[in-house]
Amino acid sequence: MSQKFDVVVIGAGPGGYVAAIRAAQLGLKTACIEKYQGKDGKTALGGTCLNVGCIPSKALLDSSYKFHEAQESFNVHGISTGDVKMDVPTMVARKDQIVKNLTGGVSALLKANGVTVFEGHGKLLAGKQVEVTKLDGSTETLAAENVILASGSKPVDIPPAPVDQKVIVDSTGALDFQTVPARLGVIGAGVIGLELGSVWSRLGAEVTVIEAMDKFLPAADEQISKEAFKVLSKQGLKILLGARLTASEIKGEEVTVSFTTAEGEQQLTFDKLIVAVGRRPVTTDLLASDSGVDMDERGFIFVNDQCATSVPGVYAIGDVVRGAMLAHKASEEGVMVAERIAGHKSQMNYDLIPSVIYTHPEIAWVGKTEQALKAEGVEINVGTFPFAASGRAMAANDTAGLVKVIADAKTDRVLGVHVMGPAAAELVQQGAIGMEFGTSAEDLGMMVFSHPTMSEALHEAALAVNGHAIHIANRKKR
Ligand code: FAD
Ligand code: AMP
């Protein structure tokens, strides 16, 4: 007799484990299946995000930024440090410990909520049966009223640069270098390429980013992406746009890459090459041929706005379905689906998913860009405020970047908040909260903001939308 569950979740990433916890909270008998094994060979929950994504990358970004500050900026404050050194294995071990604490925490949370965890590979069979192939090779079939597919994504491989995890690595390999490569190549100027490039650049690597597109960060607001290009280039990241990788050759400990630009074919030699050209959905052996679940033309599981697949009672969430490949998007889809299974009418607001690039300064946004709104023919008012005019940013010696608030010219409703600067992710979240409640620029302008804070830059940018900024000359006076 197979064990029966109200909900079986396949995958324990930020989509799957959050869905499982919420389902269990709602009184549903829930199981969660995970196959990933961590560095110690034991099953590790938390998915890409906790094991090889969001958290480890931020741990290295924070360590490398402290090193950079100690080396480059402490003198501004009158602090002399002498010769600052970075012990890379200690930095990486700290990152591993954080991962271990968090993945252990997820395990404890699932247990505390009464979720049954199965260690192994999950596969959806016909009739909402789920087969688990355990680590010892044995199989067990679970019967489910509802199934949530949350199998996530993995790095895209490209034929010109096959990953060997020694010289040519993907994002996972780039989190584990034991020494700083003198010459580091990064293929792809997306979020992951820029974050990992920044880590190793701060530690002394000479970093070249090779990006096929002519435009830098095309999803961001153009004013912000232009500013970001300048600031990151000044920091030492050499970003080659319109440069498409065509081949690579490993010779001993180094790799020579060939790429084409408007000037023709070029070559560069690196000690390590990070391939960060995007991620693709994981569906290998996830669905039996008669499961009835449809995929779209790009290999994502096809779902509607409520994450329902083509089979009633089977849902899919997170990186394995359409939309932003972000942990918070996966988690909120997990909550929505668990609540809908429990009979609630939960929905998700896909228009207000914040995006963040954790470089320094951070780049973050929510809502629409100026170029997108103009293309839609929406009349807008724009307010900006530079951190160079913020007292708090000056005190922190962190004045690069700006806040930009975009509002509908007729209604004053805020349609986009775009920030490059200190604490950009946190500031954009304030914008997102306001936008969720339909804030106008005037509403934000009327609020009392603590002084001195970075948040005041958001306040001033909101005031600037209608020409009322106090601490900067307004372009338009209304
Ligand atoms: P995943 O986290 O990929 O989890 C899926 C899980 O399912 C995995 O553990 C996998 O082993 C398991 N699985 C797959 N198939 C099966 C099966 N058949 N049986 C059992 N288990 C299975 N996002 C952010 O929001 N912020 C960030 O700062 C950020 N930084 C990132 C940095 C890097 C370097 C990378 C690579 C990604 C980053 N992301 C970030 C993206 C984020 O990690 C993903 O969007 C998020 O993990 C997706 O969650 P998920 O639950 O859909 O899938
Ligand atoms: P993202 O999808 O945000 O992780 O970004 C991946 C980036 O890699 C995109 O900006 C792509 O244009 C870029 N890219 C993909 N293939 C290549 C290639 N062969 N050479 C250079 N850049 C590439």
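Residues numbered from 1 in each chain as written. Chains lettered and ligands numbered in written order. Predicted model: local features only at pLDDT ≥ 70, side-chain atom pairs only at ≥ 80, totals over all residues. Heavy atoms only, no water.

As recorded by an unreviewed UniProt entry, the protein carries the name Dihydrolipoyl dehydrogenase and is attributed to Pseudomonas saudiphocaensis. A UniProt comment under Sequence similarities (unreviewed entry) is attached to the protein, and it reads "Belongs to the class-I pyridine nucleotide-disulfide oxidoreductase family." (UniProt positions renumbered as here; feature names shortened; annotations may be inferred.)

Q: Pulling in residues and values, what's your account of the sheet that holds strand 8 (residues 183-187)?
A: The 5 strands are arranged 7-14-8-9-10 in an open sheet whose pairing can be described as parallel. Two strands close off the open sheet at either side, each with one partner strand: strand 7 (168-169) and strand 10 (238-240). Bridge count for strand 8 against strand 9 (residues 206-210) is 5 bridges, and the pairing is parallel. Considered in strand 9, the bridge of glycine 185 is made with threonine 208. (Pairing = 2+ DSSP bridges. Helix = DSSP H or I, 4+ residues; strand = E, 2+ residues; numbered from the N terminus.)

Q: Go over the pairing of strand 12 (residues 254-261), please, and point to the residues and values.
A: Bridge count for strand 11 (residues 244-251) against strand 12 is 7 bridges, and the pairing is antiparallel. Paired with lysine 251 across the strands is glutamate 254, a residue of strand 12. Taken together, strand 11 and the strand that follows it, strand 12, pair antiparallel across an intervening segment of 2 residues, in which glycine 252 is found at a positive phi of about 65°. Examined bridge by bridge, strand 12 and strand 13 (residues 264-270) share 7 bridges and lie antiparallel to one another. Bridge pairing in strand 13 places phenylalanine 259 opposite glutamine 266. The hairpin turn running from strand 12 into strand 13, its antiparallel successor, is 2 residues long.

Q: Explain helix 6 (residues 191-202) to me, using residue names and the numbers behind them.
A: Over its 12 residues, helix 6 runs 17 Å from end to end, which matches the ideal 16 Å to within 8%, given 1.5 Å per residue. Most of helix 6 sits out of view: 10 of its 12 residues are buried. Residues of helix 6 that are buried include every one of Gly193, Leu194, Glu195, Leu196, Gly197, Ser198, Val199, Trp200, Ser201 and Arg202, and no others. Remark: glycine 204 follows helix 6 within two positions and exhibits a positive phi of approximately 115°. (Expected span 1.5 Å × (residues − 1). Buried < 20%, exposed > 50% of the residue type's maximum accessible area, 1.4 Å probe, protein only.)

Q: Requested: an account of the sheet that holds strand 20 (residues 402-408), with residues and values cited.
A: One open sheet holds the 5 strands; their spatial order is 17-18-21-20-19, and the pairing between them is antiparallel. Whereas interior strands pair on both sides, the edge strands pair on one side only; in this sheet they are strand 17 (355-357) and strand 19 (380-386). For this sheet the average axis-to-axis angle between neighbouring strands, irrespective of direction, equals 10°. Pairing of strand 20 with strand 21 (residues 414-421), which is carried by 6 bridges, proceeds in the antiparallel orientation. Its bridge partner lying in strand 21, lysine 404 is registered against histidine 418. (Axes fitted to C-alpha atoms, helices over the stretch in contact; angles between N-to-C directions.)

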